[in-house]
Amino acid sequence: MKRTNKKKNPWADHYTRQAQKDHFAARSVYKLQEIQKKHRILSRRARILDLGCAPGSWLQFAARTVGPGGRLVGIDLTPVTIALPDNVTVITGDVADLEGHLAKLGQTRFDVVLSDMAPATSGNRHVDEARSVGLCETALWVADQTLVPGGGFVCKIFQGSDFKAFADQVRQRFDRQVTFRPQSTRKASREVFVIGLGKK
Ligand SMILES: C[S@@+](CC[C@H](N)C(=O)[O-])C[C@H]1O[C@@H](n2cnc3c(N)ncnc32)[C@H](O)[C@@H]1O
């Protein structure tokens, strides 16, 4: 097993090491695993859109869960370099330009939209929270454009003053809205996941 180098990654922890053992691209995978265990948002043969997909651990887990009959599209500013199954397409680009990419792919409807997007951190908490909400608004707009009725939505957000207003927007569009903080989220992090179940 490749050992985690604490000097290279001072944030390495139990989940980082577990992700290496399990051959996942990032420790973030355990957050989606916990969400799946609790809310069963991914189902066999589902079509999944993954916003902010690099380095690719959510795509790895989601591809296993939906199986070869499912379809996955991911987008990220950063290229994904890991090997993924044939039913996964990765776009390198900005989520703001997603519509054109999806039209070219001929895949414009999805059962689930996932967003683990995170802004480059500035060190200023208020700026980072505002950027996080901006990405969440974009993710929700994408969900509006692409989700089928009954579809699901998972969106990471940094809890700040705009958090409640965003959760309310999700509540209006889905039969059920829940907020979930996985155990694998780092203790110091202000992130939570806003989940929408059953797109109206
Ligand atoms: C925490 S990482 C995602 C990890 C991923 N879920 C995984 O499991 O491998 C957040 C990602 O959001 C991406 N991101 C941030 N802003 C973006 C944007 N405007 N368009 C596309 N991706 C974006 C970043 O490049 C980064 O790779």
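Residues numbered from 1 in each chain as written. Predicted model: local features only at pLDDT ≥ 70, side-chain atom pairs only at ≥ 80, totals over all residues. Heavy atoms only, no water.

In the nomenclature of an unreviewed UniProt entry, the protein corresponds to Ribosomal RNA large subunit methyltransferase E from the organism Desulfosarcina alkanivorans. Looking at the Subcellular location (unreviewed entry) heading of the UniProt record, one finds this comment for the protein: "Cytoplasm". According to the UniProt record, the Catalytic activity (unreviewed entry) comment for the protein is "uridine(2552) in 23S rRNA + S-adenosyl-L-methionine = 2'-O-methyluridine(2552) in 23S rRNA + S-adenosyl-L-homocysteine + H(+)". (UniProt positions renumbered as here; feature names shortened; annotations may be inferred.)

With four of five residues buried, strand β1 (residues 47–51) lies mostly within the body of the structure. The sheet contact formed by β1 and strand β2 (residues 71–76) spans five bridges and is parallel. Across the sheet, L51 pairs through a bridge with I75, a residue of β2. Handedness of the crossover is the feature at issue here: the chain leaves β1, passes through helix α3 (residues 57–66), returns alongside β2, and the resulting connection is right-handed. Where β1 meets strand β4 (residues 110–115), four bridges bridge the pair, whose relative direction is parallel. Within β4, the position partnered with D50 by the bridge is L114. (Buried < 20%, exposed > 50% of the residue type's maximum accessible area, 1.4 Å probe, protein only. Helix = DSSP H or I, 4+ residues; strand = E, 2+ residues; numbered from the N terminus. Pairing = 2+ DSSP bridges. Right-handed = clockwise from strand over helix to strand, strands pointing away.)

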